[in-house]
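Topology and contacts: notes
The primary structure of each chain is shown beneath.
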Amino acid sequence: MCGIVGYIGYNDSKEILLKGLEKLEYRGYDSAGIAVINNEGVHVFKEKGRIVDLRAAVDTNVEASTGIGHTRWATHGVPSKTNSHPHQSASGRFTLVHNGVIENYDLLKREYLQNVSMKSETDTEIIVQLVELFANDGLSTEEAFRKTLTLLHGSYALALIDNQDQETIYVAKNKSPLLVGLGFGFNVVASDAMAMLQVTDKYVELMDKEMVIVKKDEVTIQNLDGEVINREPYTAELDASDIEKGTYPHYMLKEIDEQPAVMRKIIQNYQDQNGELKIDANIVSAMNDADRIYIVAAGTSYHSGLVGKQFIEEMAQIPVEVHISSEFGYNMPLLSKKPLFIFLSQSGETADSRQVLVQVKEMGHKSLTITNVPGSTLSREADYTLLLHAGPEIAVASTKAYTAQLAVLAILAEVTGKSRGLELSFSLIQELGIVANAMDVLCDSKEEFEAIAREYLATTRNCFFIGRGIDYYVGLEGALKLKEISYIQAEGFAGGELKHGTIALIEDGTPIIALATQGFVNLSIRGNVKEVVARGANPCIISMEGLNMDEDRFVIPEVHQTLTPLISVVPMQLISYYAALHRDCDVDKPRNLAKSVTVE
Ligand code: M6R
C-alpha cells in the first residue's frame, strides 16, 4: 500500500509527479503529497484526500526539476495533512516519502531521537529524523542514509531529497516494491512501472536491501555495504491504453467487460503449435513430484484457490489444501512430505503471502506463483511463475484477475492430469472458448443485473449468498465483491449451513442470492432457498441453462459444469457494481481499502 514516485531531470517535475501519483492511487488514496526542490529550497505540498485535492493545493508558480511524491494508505496515524508524506527532518533539510512499515520505529525513537520533537504520528518520520541526526554528526547524506537503512526493521520503499543538493534522489527498498525508470537526461522512481509509463518504459528492478543514488543522467545501485551492483534494465510491456478508463465510467466495469478477451488471451498464451494446452515442463514435473499442494492466497485470490482445489483434485488427482496467507504464516498446518506451494496473487505483492513464501523457501520447499504482474516480488522469489495475462487490473475490487486465475488453474490441472495419464471427458480448450462466449452474453446483459441490484440491494442492510459445492465458493466471492464496494454487510454460506445458525438473521425481505449451477445439488440448494423463503427472505436465484426453473431470476448460459465459476461470478460482479452505484459509493476506490496490500 502507498505509492511513491520521484523525478529528476530538466523538465518541471510537478505534473510528472502528479500524473504518476494518479496512476498509483489504486495503492492508497487517503492523502497525498509532493516535494520539489529548486534554487529557493524545498517546496512541500500535501493534502488529505485524493490526488485531485493535492493538485488543487499545488502552487503552479513553483518550478523545479527534481521531486518526490506519495499517495497514502494510512498505517500509523490517521489520514490527515500532518501525517501525509513527504515528511521532513527537524531543520527541514531532508524530505522523505515511504511505503511500508517500520516495525522498530518506537525503539529507534527512544534510542536515538529522544531530543527530537516529532511532527507526525507516523513511523516514517523517524527515518528522516535519523538521516538528519547522522548528517549532523558529520556523515555525508549518502552515508547518513545508509546508516539509517541498516537500523530499520520492516518494509520500506524510500525516496529522499536533501535541500543542499538538487541533483540527487536517494532511494532504497526492502520488501516494498520499487523500480527506477531510465530516460534520456532524466530518471524516475516509482512503486509500479504504470506510474511513469508516461515518460519511460525502461526500468531497473531493485532487490531488497539495496539503495540507489539517482541523478538525472546516472543511476548507481549499491548494497548496504556500499558495493556497486550492475543490473540490466528491462522494457515494461505495458500498453498505455490498458491503464486508461477509455469511455467507461469506472475501471471495474471496464475490467468486467474485458473478461471474455482475457479468456481468449489465456487460451492463446497457453496453447502449443498443435493447439494443445501447454504448461512449462518444469512446473508440471514439480506438480507431479508433490504429494500435496498448498494453495496460499488472500481475499479474492483465496476464493479462486478454493475453486482451484476442485480443479486440481478433479483433473490431476493430487490432494490440495487452500489456506489464507495471513493465517498460514503463524499457524502452519502439519505439512506433507513433499509439498508444492502455489501462491495466487493478482498483484504478486501481497505481504501476507510473501511472508509465507519466505518461510517455505527457508524450509526448502518448491513454490509456484500465479500472478498478473511479471517481475512482481512473489514471481521473482518463487521457483516458478505462471502469468495471468489479464492486463493491468486497477479497480480495487478484483474481477478479471479472479476469472483469469481460474482459467490458468484449470489449464495447470488439465496439463498435469494429462502428464499422469488422466484424460478428461471434455476438451478444456474448447470449453474455455465456450466460457468466453458465455461471458460475452453476460456482459451484454447489464440492464438485467442493474435491475436486480436496484430491486434487491438499493436499500438493504445485509445480503446472503448461498450455494452448494463449487457454487458456495463463488458465493463467497460474490459476498466479498458486494461488501467491499457497496458496504452492504454480505456473507457467503454453504446452502446447508444456514439452518445451523445464520438462518436466525433472516427477516422479512432479507435478500438471498442463491446460485444453482450444479446439477447434483440443484434440488438441495432449491430446498435451502425454500427454508429461507419460509422465514421471509427475498430470494434471487441465479441458475444455469438446463437446470433452470420458473422461480429463477436469471439464467446463465450453459458451460461445462466444472467451469461454471468462471461465468457464474460475472453476475456477482455486475450486481455488486450496480449496487454500489445505486448507493453512491466510490466503486473503484472503496473506503479504507487499497489495491495491493503490501503490509502484513
Ligand atoms: O494481489 P492479490 O491477489 O494477492 O490480493 C489479494 C487481496 O488483497 C485481493 O484479492 C482483495 O481481496 C481484493 N480487493 C478483492 O476484490
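Our structure is the block above this text.
Description of the structure in this document. (Residues numbered from 1 in each chain as written. Predicted model: local features only at pLDDT ≥ 70, side-chain atom pairs only at ≥ 80, totals over all residues. Heavy atoms only, no water.)

With that out of the way, let us pick up the site of the ligand. Looking at the ligand, there are 15 residues lining it, with S301, S345, S347, T350 and E484 nearest. Within the contact set of the ligand, an oxygen atom lies 2.6 Å away from a side-chain nitrogen or oxygen of S345. Take K481: an N or O atom from its side chain is 2.9 Å from an oxygen atom of the ligand. Listed by contribution, the elements that provide at least two residues to the shell around the ligand are α10 (299–315) and α17 (470–486). Formed jointly, the shell around the ligand draws a minimum of three residues from each of two domains, domain 2 (249–440) and domain 3 (445–587). (Near = heavy atom within 4 Å. Polar contact = N/O pair within 3.5 Å; in protein donor to acceptor, adjacent residues only side chain to side chain. Helix = DSSP H or I, 4+ residues; strand = E, 2+ residues; numbered from the N terminus. Domains from an automatic or database assignment.)

This structure, assessed with the given rule, holds 32 salt bridges. A salt bridge links E167 to K216; the shortest N-O distance between them is 2.7 Å. With a gap of 49 residues between them, E167 in strand β8 (residues 165–174) and K216 in the loop between β12 (210–215) and β13 (218–223) connect regions that are remote in the sequence. Judged by its relative accessible area of 15%, K216 falls in the buried class. Between R553 and E455 there is a salt bridge whose closest N-O contact spans 2.4 Å. Here the residue R553 occupies a position in the loop between β24 (538–544) and β25 (554–556), and E455 occupies one in helix α16 (residues 446–457), the gap between them amounting to 98 residues. Relative accessible area serves as the criterion here: at 27%, R553 is assigned to the partly exposed category. One network of salt bridges, with partners in common, ties together K173, D208, R354 and E381. (Salt bridge = Lys/Arg side-chain N within 4 Å of Asp/Glu carboxyl O. Buried < 20%, exposed > 50% of the residue type's maximum accessible area, 1.4 Å probe, protein only.)

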